[in-house]
There are 2 protein chains.
Amino acid sequence: MYWLNTIYKGGQLGRMMIEAASRLNLQVTILDAPIDSPAKQIESTQPHIQGAFNDATKIRELASQVDVLTVEIEHVDAAVLAAIETEGKVRVCPSAFTVKTIQDKYNQKKHLESFGIPVAEYVEIANAEELKEAGKRFGYPLMLKSKTMAYDGKGNYVVKNEGEVEKAVEALSKTPLYAEKWALFVKELAVMVVRRANGEILSYPVVETIHKNSICHLVIAPAQIDGAVATKAQKVAENAIKTFPGAGIFGVEMFVMANGEILLNEIAPRPHNSGHYTIEACETSQYENHMRAILDMPLGSTAMKVPASIMVNILGSNSDMTECYKPCQEALLVDGATIHLYGKKECRAGRKMGHITLVGESMMQVQKNLKPILEAMEPGVERALTLRPLVGMIMGSDSDLPVMKVGAQILKDFGIPFELSIVSAHRTPARMVDYAESAAERGLMAIIAGAGGAAHLPGMVAAMTPLPVIGVPVKGSHLDGVDSLYSIVQMPVSLHLFF
Amino acid sequence: MYWLNTIYKGGQLGRMMIEAASRLNLQVTILDAPIDSPAKQIESTQPHIQGAFNDATKIRELASQVDVLTVEIEHVDAAVLAAIETEGKVRVCPSAFTVKTIQDKYNQKKHLESFGIPVAEYVEIANAEELKEAGKRFGYPLMLKSKTMAYDGKGNYVVKNEGEVEKAVEALSKTPLYAEKWALFVKELAVMVVRRANGEILSYPVVETIHKNSICHLVIAPAQIDGAVATKAQKVAENAIKTFPGAGIFGVEMFVMANGEILLNEIAPRPHNSGHYTIEACETSQYENHMRAILDMPLGSTAMKVPASIMVNILGSNSDMTECYKPCQEALLVDGATIHLYGKKECRAGRKMGHITLVGESMMQVQKNLKPILEAMEPGVERALTLRPLVGMIMGSDSDLPVMKVGAQILKDFGIPFELSIVSAHRTPARMVDYAESAAERGLMAIIAGAGGAAHLPGMVAAMTPLPVIGVPVKGSHLDGVDSLYSIVQMPVSLHLFF
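Worth saying up front: this structure is predicted, and the values here are computed from it rather than measured.

How each quantity is defined
- Residues numbered from 1 in each chain as written.
- Chains lettered and ligands numbered in written order.
- Predicted model: local features only at pLDDT ≥ 70, side-chain atom pairs only at ≥ 80, totals over all residues.
- Heavy atoms only, no water.
- Helix = DSSP H or I, 4+ residues; strand = E, 2+ residues; numbered from the N terminus.
- Buried < 20%, exposed > 50% of the residue type's maximum accessible area, 1.4 Å probe, protein only.
- Contact = heavy atoms within 4.5 Å.
- Areas by Shrake-Rupley, 256 points an atom, 1.4 Å probe, with all protein chains shown as cover.
- Lys, Arg positive; Asp, Glu negative; His and termini not counted.
- Charge placed at Lys NZ, Arg CZ, Asp CG, Glu CD.
- UniProt positions renumbered as here; feature names shortened; annotations may be inferred.
- Pairing = 2+ DSSP bridges.
- Axes fitted to C-alpha atoms, helices over the stretch in contact; angles between N-to-C directions.
- Least-squares fit on C-alpha atoms with pLDDT ≥ 70 in both.
- Buried area = accessible area lost by both parts, 1.4 Å probe.
- Salt bridge = Lys/Arg side-chain N within 4 Å of Asp/Glu carboxyl O.
- Polar contact = N/O pair within 3.5 Å; in protein donor to acceptor, adjacent residues only side chain to side chain.
- Expected span 1.5 Å × (residues − 1).
- Parallel < 35°, antiparallel > 145°, perpendicular 65-115°, else oblique.
- Nonpolar A, V, L, I, M, F, W, Y, C, P; charged D, E, K, R; others polar.
- Phe/Tyr/Trp six-rings, centres within 6.5 Å; stacked < 30°, edge-to-face > 60°.
- Right-handed = clockwise from strand over helix to strand, strands pointing away.

Undergrad: So what exactly am I meant to see when it comes to the overall build of chain A here?
TA: Scanning chain A for helices and strands turns up 16 helices and 22 strands. Along the first, second and third principal axes, the C-alpha set of chain A runs to 90 × 55 × 45 Å. Burial statistics for chain A: of 499 residues in total, 61% are counted as buried. In chain A, of all internal contacts separated by at least 6 residues, the share reaching a separation of at least 24 is 62%. As displayed, chain A offers around 19500 Å² of accessible surface, 54% of which is attributable to carbon and sulfur atoms. A distance of 1 Å separates the average location of the 48 positive side-chain charges in chain A from that of its 55 negative side-chain charges.

Undergrad: Help me out: how do you make sense of the UniProt feature "domain: ATP-grasp" (unreviewed entry) in chain A in this one?
TA: The UniProt record annotates "domain: ATP-grasp" (unreviewed entry) at residues 109-295 of chain A. Secondary structure content for residues 109-295 of chain A is 28% helix and 33% strand, and the end C-alpha separation is 28 Å.

Undergrad: Sorry, what's going on with the sheet that holds strand E7 (residues 156-159) of chain A here?
TA: In sheet architecture, strand pairing relies on hydrogen bonds along the backbone and comes in two forms, parallel and antiparallel. All names here are of chain A. The antiparallel open sheet is built from 4 strands, whose spatial order is E5-E8-E6-E7. Lying at the two open borders of the sheet, with one neighbouring strand each, are strand E5 (122-125) and E7. Strand-to-strand, the axes of this sheet are offset by a mean angle of 25 degrees, without reference to chain direction. Pairing analysis gives 5 bridges linking strand E6 (residues 142-146) to strand E8 (residues 177-181), with the strands arranged antiparallel. What sits directly across from Leu-144, in E8, is Ala-179. Against the sheet, helix H5 (residues 105-114) makes contact with E5, E6, E7 and E8, and its axis sits at roughly 145 degrees relative to E5, the strand it touches most. The strands touched by helix H6 (residues 128-138) are E5, E6, E7 and E8; relative to E5, the strand with the most contacts, the crossing angle is about 165 degrees.

Undergrad: In this structure, what is going on with the sheet that holds strand E6 (residues 142-146) of chain B? I would like to understand it.
TA: Residues and elements named next belong to chain B. Pairing in this open sheet of 4 strands is antiparallel, and the strands run E5-E8-E6-E7 from one edge to the other. Looking at which strands have only one partner, the edges of the open sheet turn out to be strand E5 (122-125) and strand E7 (156-159). On average, each strand axis in the sheet is inclined to that of its neighbour by 25 degrees, with strand direction left out of account. Along the sheet face, helix H5 (residues 105-114) touches E5, E6, E7 and strand E8 (177-181) and points at about 145 degrees away from the line of E5. Packing of helix H6 (residues 128-138) onto the sheet brings it into contact with E5, E6, E7 and E8, and relative to E5 it is tilted by some 165 degrees.

Undergrad: What am I meant to see in the relation of the copies chain A and chain B here?
TA: What relates the pair of chain copies is a rotation about an axis plus a shift along that axis. In the superposition of chain A on chain B (RMSD 0.2 Å, axial shift 0.1 Å), the rotation amounts to 180 degrees. These values place the two chain copies in the arrangement generated by a two-fold rotation axis. Within chain A, the C-alpha atom positioned nearest to the axis of rotation is that of A:Ile42, 2.1 Å from it. A symmetric contact is evident, with 100% of the interface residues of chain A recurring at the interface of chain B.

Undergrad: What exactly am I supposed to notice about the interface of chain A and chain B here?
TA: Accessible area lost during the coming together of the parts is what is often quoted as the interface size. Counting residues at the interface gives 53 residues for chain A and 53 residues for chain B. Regarding the contact of chain A and chain B, the summed buried area is about 4700 Å², with carbon and sulfur atoms giving 52% of it. The tally of links from chain A across to chain B stands at 4 salt bridges. Notably, a salt bridge pairs A:Arg23 with B:Glu280, separated by 3.7 Å at the nearest N-O pair. Seen at the junction of chain A and chain B, the total is 20 residue pairs in polar contact (both at pLDDT 80 or more). Looking at the side of chain A that touches chain B, the elements with two or more residues in it are helix H1 (12-23), helix H9 (278-281), helix H10 (286-294), helix H11 (322-331), strand E16 (337-341), helix H16 (482-489) and strand E22 (495-497) of chain A.

Undergrad: Help me understand helix H12 (residues 363-377) of chain B in this model?
TA: Quick reminder: α-helices carry 3.6 residues per turn. Residues three or four places apart thus point the same way. Residue and element names in this part refer to chain B. The end-to-end C-alpha distance of H12 is 20 Å, a good match for the 21 Å that 15 residues give at a rise of 1.5 Å each. Among the residues of H12, Met-363, Val-366, Gln-367, Asn-369, Leu-370, Ile-373 and Leu-374 are the ones counted as buried. If you follow the buried residues of H12, they end up packed against strand E12 (215-221), strand E15 (308-315), helix H11 (322-331) and strand E17 (352-360).

Undergrad: Honestly, the environment of A:Lys89 in this entry has me stumped. Any pointers?
TA: With respect to the helices and strands, the residue A:Lys89 is situated in the loop between helix H3 (78-87) and strand E4 (91-93). Measuring from C-alpha to C-alpha, the distance between A:Lys89 and A:Asn265 comes to 34 Å, with 176 residues separating the pair along the chain.

Undergrad: Sorry, what's going on with the packing of H1(A) against H10(A) here?
TA: Packed helices, taken two at a time, are described by their axes: the angle between them and the distance between them. Residue and element names in this part refer to chain A. With their axes 8 Å apart at the nearest point, H1 and H10 run at an angle of 70 degrees to one another. As the angle between them shows, H1 and H10 are arranged roughly perpendicular. Counted together, Leu-13, Met-16, Met-17, Ala-20 and Ala-21 of H1 and Tyr-287, Glu-288, His-290 and Met-291 of H10 form the full contact between these two elements. Of the residues in the contact of H1 with H10, the class split is 7 nonpolar, 1 polar and 1 charged.

Undergrad: Whenever I open this one, the packing of aromatic side chains confuses me. Can you help?
TA: Between two aromatic rings, the relevant description is the distance of the centres plus the angle of the planes. Residues and elements named next belong to chain A. For the coordinates displayed, the defined rule picks out 9 aromatic pairs over all chains. Residues Tyr-106 and Tyr-178 carry aromatic rings whose centres are separated by 5.9 Å and whose planes lie at 55 degrees to one another, so their mutual orientation is tilted. Here Tyr-106 is found in helix H5, whereas its partner Tyr-178 is found in strand E8, with 72 residues between them in sequence. The residues Tyr-106 and Tyr-178 share a single accessibility class, namely buried. Each residue in the set Tyr-106, Tyr-122 and Tyr-178 is aromatic and connected to the rest through ring pairs, giving one cluster.

Undergrad: Looking at this model, I keep getting lost on the pairing of strand E20 (residues 446-452) of chain A. Mind explaining?
TA: Residues and elements named next belong to chain A. Where burial is concerned, most of E20 is hidden: 6 out of the 7 residues are buried. Two elements, strand E18 (residues 391-395) and E20, share 5 bridges in a ladder whose sense is parallel. Its bridge partner lying in E20, Ile-394 is registered against Ala-449. Alignment of E20 against strand E21 (residues 469-474), held across 6 bridges, turns out to be parallel. From the neighbouring strand, Ala-451 faces E21, where its bridge partner is Pro-473. Running through helix H15 (residues 457-463), the crossover from E20 to the neighbouring parallel element E21 is right-handed.

Structural data, given as C-alpha cells:
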C-alpha cells in the first residue's frame, strides 16, 4: 500500500498509531530512548533509533530513513522540523509551524485569536507586578500558566487572591508565563479533527471530558449536551484546525460557559486521550485517520458505530501496578468493555497506564456498566452523569398531566431520560414552533404530545420535526375524547396512540 | 495482569492474537521459522524461537519458557502436546486430545457422531474398490477427503462418477482417506464458540460463509436466515464444543440443508477466518476471548455491537501484491470499512494476504458499501445477498391489498427487506398464532397488520409478539372505516396508524 516511517516518543499514543499502521502494511520507525517503549513493544520490523525524542541529531538520523515524520508529543524541537521541512525530502506532519505555534500556549492563543476563534481573555506575564495588574483586570481566581512544556495540569497555577501572586510566579519561574481569566465553565468538551494533506477536514463527534486533578478521567461520547451547543463546538474546533497548515489529527479542548458560549482551551496536534474511544466506538479510529491524513489517503468515516461510549483512564496510584488491574478485573465482567494496557514497565502515581472503553446501546446502559469499574478505582465515589433527554413529553395544559404522568412513569421505570413541559398550539404557538424545530438538533429521539379537544399539538409538532411524534388524545369534558382521537389520528403524519 | 506465553505458527491468526494479547499486557513468545512472520512483526519483547512449528524439540524449548501453550493451526505434533500436558507444568490449549481428534477429520467425525452431533454420512476408504462401494451407497457426486493436513479445500476431491474413482484415490494417495456423502446444502454457516478452562461456553452469532474455490470469500454477520435455523445451528455448535475438554476458541462450520436440517462440516480448534468480523463488529473479538479462555479469565460478551457486518478476504491472485491493494483502495472510500493487511512478504495465488470488515446500520447498507470493493476484486461479478426480511406485512384478506401495497412500495423505496402475506384472525387463527409467536425469532423487527371491520388482526398479533405492530384500519363497505379504527386504537398495546 504505502510505506511510511515516522518519529515518535514511543508512548501509548505511538503504540496505538502502530496498531493502526500495521493493519495497513505501513512500516514505522520509532525514535525514543527506551528500546522497550509501549510503541516499540509491538513493532519489530524496523531498526530502532535510540535517543531522546527531542534530540536534533537523532531526529535528523530518523529523517534520513523515512518518507514522513510525525509525532506523538508536541514538545519537540520545532526548529529541526522546520529545517527538515525546508529541505523538502521528508513530509513533516503536523507541520513545523503548527508544532511551533501550539507548543507555546501563549502563541497558540494569539494565533487562534487572530483568526477569530473564541478564547478566554489572557495576558503575558513577566513578573509578580504584571500578575497583580492581571488580577485587577480579570479578578480572582485566575490561572497562571507556563507558556511551554505544560500538559496534564503541569505548568498551571490557580491564583486564588492577590496574596498568592508572588508564590505563583515563583512556582512557575522556570518558564515564560501568561495569565488567563478564570473560565467558569459548566462542562469541558473535546473534538478530534483530522486534516488531510490536501486540506480536507473531518471531525469526530463532540465528547465531554471530565478531569480529575487536571488529568483526563472520563470521556463521554457523544457529549450529553444540547445539540445546538454541540454543533457550535464542532464548528469552533473545525475552524481552529483550518488555521493550521499541513496534515494530521488534532485534539481540540473547549469550555462551555453557562450561557452556551464556547471558549477554545487548547489544541494538541496529535492523537489525543479524548479520542481513545474512537477505536471501539467509531467507524475509523483517530489513529488510523491520522495515518491516512499524513499519507494523503482518503479519510475514513468519523461517525460513531455504536450509540454510546465512555472511556476511563487507568492512572497509576503508586509504584504498584496491581492497583491498575483492579478496574480491569471489573471490566472483564462487563459487557462492551475493552481494556487497553500500555505495557509500561514502571507504574507511578498519576501515570497513564492504560484505559478502558465501554460501548453500549444507550448512555444509560454504558453508565451502569461503568459503575463497578469506577467503584474499583475509587471506592465510595458515586458519579452520575446527567443524561441528555431522549424523549420530549409535552402537553397543551397542566390539566393533561394526570394522563401524561402515567407515560412519564413508564419512561422512569425503563430509565429513559426525558423532559416534560407545557407547550400549547393555541396559547403559545411560537414556543411550539421553537420546540418542534429544535427538538431533533437538541438530541431528542421522540416526542410524546398530549392534547384534548381540537388537539392540534401533536399534529402541528409532527409537521415541524423529523422525529416520530406519539399523540395522546386526552378526554375533554364533552364528546368523551372522540374529538381528540379524530383530530390526532387524522394528522398528516403517522401518529401513535396510548390508551 | 496475567503473564502468558504461547506457541504459534506466526501467521495472521497469531498476529491478531498478539494484538489482543498486547492490550492485556500479556507476553507472547512465538515459535515459527521466519523471524519476520506476520505475528512476530508486532511482537518485539520476547525472544523468538526459530524453528518449524511442528518440530517437537522446538515445541519443548518453547514449553520450557512459558505458562500456557496455544496454537494458531491444528496440524501440530499432538503427541508432544500430550506429553507436555502430562508433565503438568504448562497448560496446553486446546488440549492435546482436542488437537489430535480434530486434526484427523475422520476421527473428528467419529467423535462428533458418538456424541449425537449431526454430520453427513461418511465411510473410511482404503482403496478404489472401497470408494466404488461408497459410491453405490452415497451416490455421486461424493466427496473424497484426506483425513489429515486438509484445509482451504486442499485434500478434498469431488468424485463426479464412478469413472473418476481411480483418479481421485490416486490424487490423494499421500494421506489416509474417507468418503463423505455429498451435502446438497442451501447455505454454509459458521459459529465461533469459546470455552473457558472452567467449562463455561459462549457462542458468537451465526454467520453465513460464502466460499470461492473452497476458500472463504465472504462472511455475513448475522446470517440472513430464519431465526429458528440460526438457533438450531448455534445449539449444534455449542453441543459439539462441549464434547471437547480444555479451553480456547473454536470455529464450527456447518451446512444448512433445504429442509432446515443442520449438518456439522468441520471444527477448527483456534480462531477462525469466519470470526475475523468480531474485531470490529462484536463487543469482544474472537482473539481476545481466546486469550481470556485459555487464561481462565472471565469471557467477554460475544454480542454484536453493530447491526450488520460483512467480511471479505483479500487473496493473492499472483506474486504481485499490488492486486491486493485494489480492493483496499476502494475500502478507503467506504464508510465503516476496516482494512487488515497481514504484512506477508510474499504474495501467491490463493494466499490470504488480508481482509476487509465492513460494519453498518443495516445489511442493506453494508451490502451496498461492499459493492465497489468486490467490483475491484472481480470486475463484472455481481453478488447480491438475499436479505432476511425485517418487516412482516400481513392482512386479513387480499381485498386489503390495495391499501397495504402503498406501504409495501414505501418499504421498497427505502430498500427495507420485507415479507407480505395473508393471515386472518378469524379464518386462520392457528396460522396467526404461529406467525405472531415466531416473528421475533425469525428476525422480523416490526409487523404491519391491516384489517377491516372488527379488525382483530393487529391487536391479536400484538398480544403475542414483543415486536411493535403497526395497525392499519381498512375501510369496509359500511361505517366508513370507523369500526376498524375504533377496534385497532383500543387494542391492549400501542398501535400505529397510517392514513
